[in-house]
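Residues per chain, in single letters:
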Amino acid sequence: MIEVRGLTKTFAGRGGLLGHRAVPALREVDLQLPPGGAVSVIGESGCGKTTLGRILCGLESYDSGSLLLDGRDAKELSISERRERFQRIQLIHQDPYSALNPTRTIRQTMLASLRLRASATKRSQAWTERRANELLELVGLDPSYCLPRYPHMLSGGMRQRVVIARALTVDPDALVADEAVAMIDVSLRLGILGILRKLRADLGLSLLFITHDVAAARYVGEDGQLYVLYRGQVVEQGPVDEIVQRPTHPYTQCLLSAIPVMRGLERPGPDRLVPLRPLDDNVEPPGCLLADRCPQAQDDCLLGRPPLVSAGAEGHLHACLHPEARSVVATPEPTGSSTR
Amino acid sequence: MRRRQSRDTASETAAGNEDGFEGLRVRDLTIVYGTEAGELAAVRGVDLDLPAGTITGLVGESGSGKSTLALAMLNAVPSPGRITAGSVTMSGVGDITRLRGRALRQVRGGVLGYVFQASQNSLNPLKRVGAQLLDLARSHGVAQPRLILGEAAKLCERMGLDATRVLSSYQHELSGGMRQRVGIVFALVLNAKVLILDEPTTALDMLSQAAVLEVVREIHAERRLATVIITHDIAVVAEMADRMVVTYAGRVVESGTAGDVLRYAAHPYTKALLRSIPRISGDISAAEPLPGRPPDLASIPTVGCVFRERCPLAMPICSDVDPATVSVGPGHTTACHLAAGPLAVPEQSEEVAG
C-alpha cells in the first residue's frame, strides 16, 4: 500500500514574467494506492500530476505531509531501506525516446539492470539472459528481433514496451505511468495500455496512471479510482465510471467535455460545456482556485477555498461550493444505426 | 437507412472542370525517397480534393506518408524525397509542384498557410514573435509590413491571446497551446486560402486541444478556408472534419464524409483503427489493439494491397493485384478487393457493409 497524506510541495520562484514567485505544485493531497489497485490522475499541463508521480517514486522531495509505504513513513526509513523500497516503485515516463540510452543495444540495457538483480538475489548470469527474453515476451516483443537492436531502430510503441520490460527487471510491485502513451500513435496505444492492464491482472502490480486521456484511464483501471487535480489540489475523486458519468465539479466537467466526440459513432453528452479559457497561473484567486475560469462561479466562490467533501455516492468526493451533476461525456450511438 | 447528404457532390461533378473548383486539388501524386535500397515510394498515386469551406481530416499512422504528402502541398518535400508524378493545383495559382524560387516562396506562407507539428521548433528562439511577423511580411513583399502587426494582433485576440504580450514574447515564454495558436496566426496573417495543420494538437493537453480546435473551427468558417488536419488521432478528425481521408503506407485507402467513414467504415484498416480506440463510455473491453507493426518505407509492398499483412480478411488476390478505388456510397470510396467484389465473397458481406 502506498499512501500520501496532506502532501504539499511548492517550487521556489524561477522568475516568471512578473519576477520571482513561488509555484505551488501540490496542495494537501491525500491519495491511496492499494496493492494491485489502480489510481488514475487527470488534469491539464502544470496541475502537479507529474510532481505527484515523482514524489511517489522517491525522485522528488516534498515540503509537508507524509508518504507512507506499507504503513511506514518514508522519512523514517534508513537509506538502504529507502533505496530497496523505492526500487519497487518504477516510473514509466512519457518519452520512450529519451528514456533509453541510444548508444546501447536493448540487450545491454536489459542486462545492465538484470546483472545487478542477479547479484542481489544470488542468481547465475545465465538467468539474466533467460529473464531478458521472458520480460520482453511479457511485453509482447520478439526478443530475437529486439535484443541486438539500438533504440532508434525500434518504433515508439516498441521502445515504450522496452522501457516497461526494463522497469520489470527489478520485480516492482507498483508502476507510475506518467503520460506513458501520450507520444505513441493512437493505433498503437491500446497495445501498451493492454500490457499495463495485463501486468495488473497477472502480476498484481498496482498502477498510478497519470494521463490526460480519460478513456485510457478507463481501459487500464476501470475498477480503480480517478483523481482530478487542479493547480495542485484534488478537486474531485471517486470510482472511475462514477466520475466520468456523474461529475459534479465544473472543472472535471470541462475536462470531460474537451474529449473529442466521434460523431456518427457517439452522441455528445447533453450538458457538454464549452472549453475553458487558458489558465493564467500568475493569478491566484483568494477562494476557489477555479473561480476565475469557472463557468458556474458565484460571488461566494471568491470567499473561501471549498474543502473536499462527500458528493453522495460511495467514495465520490468533490471540492466545490455549487456542485451539480452534469452528463457531459459522449454516449455510443445505438448499434443498429451502423448498417446502411 | 437515412444517410447524411454528402457535402461535396458539387466538387465531385466539377472534377473535369478546373474553373469551377475552389481550393486545393491533388492528382495522382507520387513521392519517392532515394535510399540505398533504391527508390521507395512514400506516397503513391494519391488523389485528394480540398474544397474551400470544407475541413478535411487526413488520418494515418506514423510512416503512412501523411507528413510527406502535406509537405508536397507546399512543394517542400525534403531531399532525398522528390515528387516524381502528379500535380497539386490550387485555384488561382496553378500547379504548385511546378513553381520554383520566388514564386514558390510567395505561395508558401501566403495563400498556403501551414502550421507545423511542433510549432516551438518552427519559431525562431532568438527573435520576438512580432519581429518574426515583420520578417514574414517583408519576405512576401507586403507594402507596409507594420500593418501586418495590427492584423496579427486582431487574430491573436480572436484566439483568446493577449496580443501585446504575445507579440513581444520569445517562443520559450509561451505555453504549448499558445505557441500552437501563434503558429495559426503566422499561417493566416497573410490571408491564406488553404490552411494545412500537421498534427496540430499532438503535444497539447485536452483543454488546450479543445481550445485550439475550437479556434480552427471558427476561423475556418469565418474565412471559408480549405482546411486540412493531418493527424494520427482519428478522434480529432471525427469531431472536426466534414470529410475524412484515411491513408495507409502512402495510399489513400478510404475517403468520404466523416459521418459515413465512421459509421459505414468499408476498409478493414479503418475498421481496425476505429476498434483500437478506447471510448469514454460503453463497454471499455470492446476496444481491440490493431495487430502488427505500422508500415515502414522499406517494407511497403510494391504490388498488391499495402495493408494485406495486417489484414484479418486478406485473400490470395490481395498479394497480387492492387485494389482499385471503388465507390461504396455517395462520395464514399475505398480501395479494397472485398468492397470491389461482394459477390466474390458472399459470406463476408456483413464485413463489407460494416
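These lines cover the structure that appears in this document, whether it is placed above or below.

Rules behind the numbers
- Residues numbered from 1 in each chain as written.
- Chains lettered and ligands numbered in written order.
- Predicted model: local features only at pLDDT ≥ 70, side-chain atom pairs only at ≥ 80, totals over all residues.
- Heavy atoms only, no water.
- Helix = DSSP H or I, 4+ residues; strand = E, 2+ residues; numbered from the N terminus.
- Rg over C-alpha atoms; globule rule 2.2 N^0.38 Å.
- Buried < 20%, exposed > 50% of the residue type's maximum accessible area, 1.4 Å probe, protein only.
- Contact = heavy atoms within 4.5 Å.
- Areas by Shrake-Rupley, 256 points an atom, 1.4 Å probe, with all protein chains shown as cover.
- Pairing = 2+ DSSP bridges.
- Axes fitted to C-alpha atoms, helices over the stretch in contact; angles between N-to-C directions.
- Expected span 1.5 Å × (residues − 1).
- Arc of directions from axis to C-beta.
- Buried area = accessible area lost by both parts, 1.4 Å probe.
- Parallel < 35°, antiparallel > 145°, perpendicular 65-115°, else oblique.
- Left-handed = near helix turned anticlockwise from the far one by under 90°.
- Nonpolar A, V, L, I, M, F, W, Y, C, P; charged D, E, K, R; others polar.
- Salt bridge = Lys/Arg side-chain N within 4 Å of Asp/Glu carboxyl O.

Considering the overall build of chain B
Now for step 1: In terms of regular secondary structure, chain B is built from 15 helices and twelve strands.
Now for step 2: For 354 residues, the compact-globule formula gives about 20 Å, and the C-alpha radius of gyration of chain B, at 21 Å, lands near that figure.
Now for step 3: Looking at chain B as a whole, 57% of its 354 residues qualify as buried.
Now for step 4: Here the contacts in chain B between residues at least 6 apart in sequence split such that 62% fall between residues at least 24 apart.
Now for step 5: Of the roughly 14500 Å² of accessible surface on chain B, 52% is carried by carbon and sulfur atoms.

So, the sheet that holds strand E8 (residues 226-231) of chain B
Where strands meet in a sheet, backbone hydrogen bonds hold them as pairs that are either parallel or antiparallel.
All names here are of chain B.
Now for step 1: Across the sheet, eight strands lie side by side as E6-E7-E8-E3-E9-E10-E12-E11; this open sheet has mixed pairing. A strand with exactly one partner marks an edge of an open sheet, and here the two such strands are strand E6 (112-115) and strand E11 (325-329). The average angle at which neighbouring strand axes cross in this sheet is 20 degrees, direction not considered.
Now for step 2: Examined bridge by bridge, strand E10 (residues 251-257) and strand E12 (residues 332-335) share two bridges and lie antiparallel to one another. Bridging across to E12, Ser255 finds its partner in Thr333.
Now for step 3: Across the face of the sheet, helix H8 (residues 176-188) comes into contact with E6 and strand E7 (194-198) while running at roughly 165 degrees to E6.

Side note on unusual backbone geometry
Residues and elements named next belong to chain B.
Now for step 1: In this chain, Ser79 is followed by Pro80 through a cis amide linkage whose omega measures 5 degrees.
Now for step 2: Examined against the element boundaries, Pro80 turns out to sit in the loop between helix H2 (66-72) and strand E4 (81-90).
Now for step 3: You will see that Glu199, though not glycine, has its phi angle at about 45 degrees, which is positive.
Now for step 4: Along the chain, the position of Glu199 falls in the loop between E7 and helix H9 (206-223).
Now for step 5: A relative accessible area of 4% means that Glu199 is categorised as buried.
Now for step 6: Look at Ala249: it is not a glycine, yet its phi comes out positive at around 50 degrees.
Now for step 7: Along the chain, Ala249 falls in the loop between strand E9 (243-248) and E10.

Points about the environment of A:Ile184
Now for step 1: The topology assignment puts A:Ile184 in the loop between strand E7 (174-178) and helix H8 (186-203).
Now for step 2: C-alpha of A:Ile184 to C-alpha of A:Gln160: the two residues are 24 residues apart in sequence and 8.4 Å apart in space.
Now for step 3: The contacts of A:Ile184, once residues within four sequence positions are left out, are A:Pro96, A:Gly156, A:Gly157, A:Gln160, A:Arg189 and B:His232.

Here we look at helix H5 (residues 125-138) of chain A
Residues three or four positions apart in an α-helix share a direction because the helix packs 3.6 residues into each turn.
Residues and elements named next belong to chain A.
Now for step 1: Between its first and last C-alpha atoms H5 spans 20 Å; for 14 residues at 1.5 Å apiece the expected length is 20 Å, and the two agree.
Now for step 2: Those residues of H5 lying buried are Trp127, Thr128, Arg131, Ala132, Leu135 and Leu136. Looking straight down H5, one finds that the buried residues subtend no more than 160 degrees of arc, so they occupy a single side. Residues of H5 that are exposed and angled more than 90 degrees away from the buried face: Arg130 and Glu137.
Now for step 3: Check the buried side of H5 and you find it contacts helix H4 (106-120), helix H6 (143-146) and helix H7 (156-168).
Now for step 4: Just downstream of H5 lies Gly140, where phi reads positive at about 80 degrees.

What to know about the interface of chain A and chain B
Now for step 1: Facing the 51 residues of chain A at the interface are 51 residues of chain B.
Now for step 2: Contact between chain A and chain B buries roughly 4500 Å² in total, counting both sides, with carbon and sulfur atoms accounting for 60%.
Now for step 3: The greatest single-element share of the side of chain A that touches chain B, amounting to eight residues, is contributed by H8(A).

Side note on the packing of H8(B) against H9(B)
All names here are of chain B.
Now for step 1: Between H8 and H9, the least distance of the axes is 9 Å, while the angle of their chain directions is 15 degrees. Relative to H9, the element H8 lies roughly parallel. The hand of the H8/H9 crossing is right-handed. Only Ser208, Ala211, Val212, Val216, Ile219 and Arg223 of H9 make contact with H8, whose side of the interface consists of Gly177, Gln180, Arg181, Ile184 and Leu188.
Now for step 2: Of the residues assigned to the contact of H8 with H9, the class counts are six nonpolar, three polar and two charged.

Describing the pairing of E9(B)
Residue and element names in this part refer to chain B.
Now for step 1: The buried fraction of E9 is high, at six of six residues.
Now for step 2: Burial along E9 is two-sided: the face carrying Arg243, Val245 and Thr247 and the face carrying Met244, Val246 and Tyr248 are both buried.
Now for step 3: Note that strand E3 (residues 55-59) and E9 share four bridges and pair parallel. Counterpart to Thr56 in the pairing with E9 is Arg243.
Now for step 4: As paired strands, E9 and E10 are joined by six bridges and run antiparallel to one another. Among the inter-strand pairings, Met244 is bridged to a residue of E10, identified as Gly256.
Now for step 5: What sits between the antiparallel neighbours E9 and E10 is a turn of two residues, in which Ala249 has the positive phi angle 50 degrees.

Details of the pattern of salt bridges
Between side chains of opposite charge, a pair can form as their charged atoms come close.
Now for step 1: All told, the structure shown has 41 salt bridges over all chains when counted by the stated rule.
Now for step 2: For A:Arg27, the salt bridge identified is with A:Glu284, shortest N-O distance 2.8 Å. Placement of the pair is A:Arg27 in strand E2 (residues 23-33) and A:Glu284 in the loop between strand E11 (266-267) and strand E12 (309-310), with a sequence separation of 257 residues.
Now for step 3: For A:Arg27, a relative accessible area of 14% corresponds to the buried category.
Now for step 4: Note that B:Glu151 is salt-bridged to B:Arg223, the shortest N-O span being 3.5 Å. In this pair, B:Glu151 sits in helix H6 (residues 145-158) while B:Arg223 sits in helix H9, placing the two residues 72 residues apart along the sequence.
Now for step 5: Taking relative accessible area as the criterion, B:Glu151 reaches 24% and is therefore assigned partly exposed.
Now for step 6: When salt bridges with common partners are traced through the structure, they connect A:Asp70, A:Glu84, A:Arg85, A:Arg88 and A:Asp173 into a single cluster.

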